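Below, each chain spelled out in residue letters.
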Amino acid sequence: MVYDELNRKRISSESKDREEDLSSKEQENIKSSEDLSLEDESIEWARKTFQRLKEQQEKRQEDEKRTEKILEEKKFSENIQKEELVVLEQDKYSSQLLNPNDVEISDSIEIQESEPSLGQFDEAFTWSAEVLAAQGVRSEDVSLEEIDWLGRLRSGLEQTRRGFVTGLLEKFGDDPLTQEDFDTLESLLLRADAGVEATEEVLDALRRRLNEEVIDSKEGIDFLKKQLLKLIDAPIQKSGVKLLSPKKGKLNVWLLVGVNGVGKTTTLGKLANLAIRSGYSALIAAADTFRAGAVKQVQVWGERSGVQVIANTSINADPAAVVFDAIGAAKSKGLDLVLVDTAGRLQTKHNLMEELQKVRKIIDRLAPEAEVESLLVLDASQGQNGLKQAMAFAKSAKLTGVVITKLDGTSRGGVALAVSKEAGLPIRFIGAGEGIRDLRPFNSFEFIEALLATR
Ligand SMILES: Nc1nc2c(ncn2[C@@H]2O[C@H](COP(=O)(O)OP(=O)(O)O)[C@@H](O)[C@H]2O)c(=O)[nH]1
Ligand SMILES: [Mg+2]
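Residues numbered from 1 in each chain as written. Chains lettered and ligands numbered in written order. Predicted model: local features only at pLDDT ≥ 70, side-chain atom pairs only at ≥ 80, totals over all residues.

It is worth spelling out the sheet that holds strand β2 (residues 282–287) at this point. Read from one edge to the other, the open sheet built from 8 strands follows the order β3-β2-β4-β1-β5-β6-β7-β8, with strand pairing classed as mixed. Each edge of the sheet is formed by a strand with only one pairing partner; in this case those strands are β3 (308–310) and β8 (439–441). Going from strand to strand, the sheet's axes swing by 25° on average, the running direction of each strand aside. Summarising the sheet, strand β6 (residues 401–405) and strand β7 (residues 427–431) pair through 3 bridges and their orientation is parallel. Within β7, the position partnered with V403 by the bridge is F429. (Pairing = 2+ DSSP bridges. Helix = DSSP H or I, 4+ residues; strand = E, 2+ residues; numbered from the N terminus. Axes fitted to C-alpha atoms, helices over the stretch in contact; angles between N-to-C directions.)

With that settled, the discussion passes to unusual backbone geometry. For D193, which is not glycine, the phi torsion reads 65° and is therefore positive. If you trace the backbone, D193 turns up in the loop between α7 (179–191) and α8 (196–212). Located in the positive-phi region is K398, a residue other than glycine, with phi close to 45°. If you trace the backbone, K398 turns up in the loop between α15 (394–397) and β6.

Look at any regular strand and the pattern is simple: side chains alternate between the two faces of the sheet. Counting buried positions over the 9 residues of strand β5 (residues 371–379) gives 7, a clear majority of the element. The pairing of strand β1 (residues 252–257) with β5 spans 6 bridges and is parallel. Bridging across to β5, L256 finds its partner in L375. Taken together, the 5 bridges between β5 and β6 define a ladder with parallel strand orientation. (Buried ≥ 20, exposed ≤ 12 C-beta atoms within 10 Å, placed from the backbone.)

Packing of α8 against helix α9 (residues 217–239) leaves a shortest axis separation of 10 Å and a crossing angle of 140°. Compared by their axis directions, α8 and α9 come out oblique. Considering how the two elements wind past one another, α8 and α9 form a crossing that is right-handed. Here A198, E201, V202, A205, L206 and R209 of α8 lie close against α9, whose contacting residues are F223, L224, Q227, L228 and L231. In terms of residue class, the contact of α8 with α9 is made up of 8 nonpolar, 1 polar and 2 charged. (Parallel < 35°, antiparallel > 145°, perpendicular 65-115°, else oblique. Left-handed = near helix turned anticlockwise from the far one by under 90°. Contact = placed C-beta atoms within 7 Å. Nonpolar A, V, L, I, M, F, W, Y, C, P; charged D, E, K, R; others polar.)

Next up on the list: the packing of helix α4 (residues 123–134) against helix α5 (residues 144–156). Contact pair α4 / α5: the axes reach a minimum separation of 9 Å and the direction vectors enclose 110°. In terms of orientation, α4 and α5 fall into the roughly perpendicular class. Here α4 and α5 pass one another in a crossing that is right-handed. Residue-level contacts link A124, F125, W127, S128, V131 and L132 of α4 to E146, I147, L150, G151 and R154 of α5. In terms of residue class, the contact of α4 with α5 is built from 7 nonpolar, 2 polar and 2 charged.

The next thing to look at is the site of ligand 1. Around ligand 1 lies a shell of 17 residues, among which G263, K264, T265, T266 and G431 are the nearest. The element that contributes the greatest number of residues to the shell around ligand 1 is helix α10 (residues 264–277), accounting for 3 residues. Here the shell around ligand 1 is composed, by residue class, of 2 nonpolar, 10 polar and 5 charged. (Near = placed C-beta within 6 Å.)

This part takes up helix α12 (residues 319–333). Compared with the 21 Å implied by 1.5 Å per residue over 15 residues, the 21 Å span of α12 between its first and last C-alpha is a close match. Buried within α12 are the following residues: P319, V322, V323, A326, I327 and A330. In an axial view of α12, the angular spread of the buried residues amounts to 130°, which keeps them on one side of the axis. One or two steps after α12, the chain reaches G334, where phi turns positive at roughly 65°. (Expected span 1.5 Å × (residues − 1). Arc of directions from axis to C-beta.)

For the rest of this paragraph, the subject is the pairing of strand β4 (residues 337–342). Counting buried positions along β4 yields 6 of 6 residues, so the element is predominantly enclosed. Burial along β4 is two-sided: L337, L339 and D341 and V338, V340 and T342, pointing in opposite directions, are all buried. Summarising the sheet, β2 and β4 pair through 6 bridges and their orientation is parallel. The residue of β4 that forms the bridge with A286 is D341.

Moving on, we come to the environment of S411. If you trace the backbone, S411 turns up in the loop between β6 and α16 (415–423). Overall, the presence of 19 C-beta atoms within 10 Å leaves S411 in the partly exposed class. Sequence separation between S411 and A380 is 31 residues; the distance between their C-alpha atoms is 8.7 Å.

Right, here's the structure in full:
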C-alpha cells in the first residue's frame, strides 16, 4: 500500500534526523574514515534488495504461468465457452459499484497499466536503493513499485538535471567561487525555472556559507540539496500535514483545478487508483461538463479502478449540479473520498472562475464537515508561465495544494521550487508519465535527490 510505505519512510527518516542532529560533528569524523566501507555497505544493501525483488518477481511470474496453465487445461477439459473467459478478464478491472451498462468505453482512450518490472542491477537501481536507505527504509521492506518509481523520477528529471548538475560540478572546485561563478549558478537555476525568489534565497545562503569556508564540489551539492529541501518543505510544514491522504471516518472532497491540458483528468484517474489501492473508497464527479469527451475520459479511468463516476452527459450540464449529486451519493454510501474533475478553459476565464466558486459553495453548503482539498494541477513542462496562469485560480478555488504533472522529460523541473517559494503552496503529488501508476504522493527528499543526482 502506497500510503503505508510513505508513512513508514517518514517515521524512520525523522528518527534518523534526530540522531544526526545530536552527533553531526562526531558522525562527520567517522564518515571520512569510513567512507570506503560505507560505500561497500551500501552496494551490499542494494545487492541484497535486488536479489530479494528478483526472487519475488520470478515467483510472481511463475505463479502467473501456473494460473495460465491451469486455465488453459480447464478450458480444454471443460470446453469453456469463450464468452465466459471474457467475463473473467473483465472482473479483473470492474467492481460491483460499477454497472458496466452505464459505461461506454472508447477505444481511443488508452491507459497504460503495466506492472512495474525489475530491470538490471545497474546505476539506476543502486541510486534508488541508496535514496530509500537514506530514509531509513529496511532492505526487506523495499517494494518494486518504489524502486520503479524512483528510477523513472530520476530519468524524468534528467533534462533539468543535465545542464544544472554538470554546470554545478564544474563550478564548485577547491577555489572559492567568484562573482562570475555565482552568475552562472543563478542562470542555471533560472533556466531550470526555479524562479527569481527561490534562486535569490538559495544564492544568498550559499554566499554566506562560502564566506565562512571553502567547500569542494560534493559539499557544494550537499549544501544546495539542504537549501532546496528547506525551501520546498516550508509550505508543507506550514500546512501541518506532511503527507496528504484522505482522513478516515470523514468525507474528503478533492477538487482538481487548472488550465486545459495540464493533466487534471489524468491525475484524477491516477488518484482514484491510488486511493483504491490504499484501501479507501472513492467516487468521481465528472464536473468538466464543458469539453466534449471529458466525461467519457473520466469514465474510462473510473472503470479501470472500479470507481463509480457521477456524470451528466447533456451538453453544458451544470457542474455544480454534478457535484451536488456526487456528494449526496458519497454521503449515503459513507464513502471516504470524492474526486472532482473540473473544466479548465481560460478563454472564458470569468465564467470559469464563477463556476469554480459555485462548485465550492455547493460543497461547503452540502458537506460543511468535509475535508476539502483544492489542488492546483500544474504542467511542469510549461514552467513559470504555467504557474503564473494557474495562480489565477488561487482565489476562486481557495487552493490548498499543488500537483505537478509531466515531470518526465522536461528541463523545467525547477518549477517545483518556484511553486513552493512564490505560491507558498505545498506540493502534494507529482506525476511523471501517462500510466496509471505514474503518480505518487510528493516526497521532497526523493525529489531533490533526483533533481541533483550526481550520477
Ligand atoms: N508525459 C506525461 N503526460 C501526461 C502526464 N499527465 C497527463 N499527461 C497527458 O497530458 C494530456 C492532457 O491530460 P488531461 O488529463 O486530459 O488534461 P486536462 O485537460 O487538464 O484534464 C494527456 O494526453 C495526458 O496523457 C504526465 O505526468 N506525463
Ligand atoms: Mg480534463
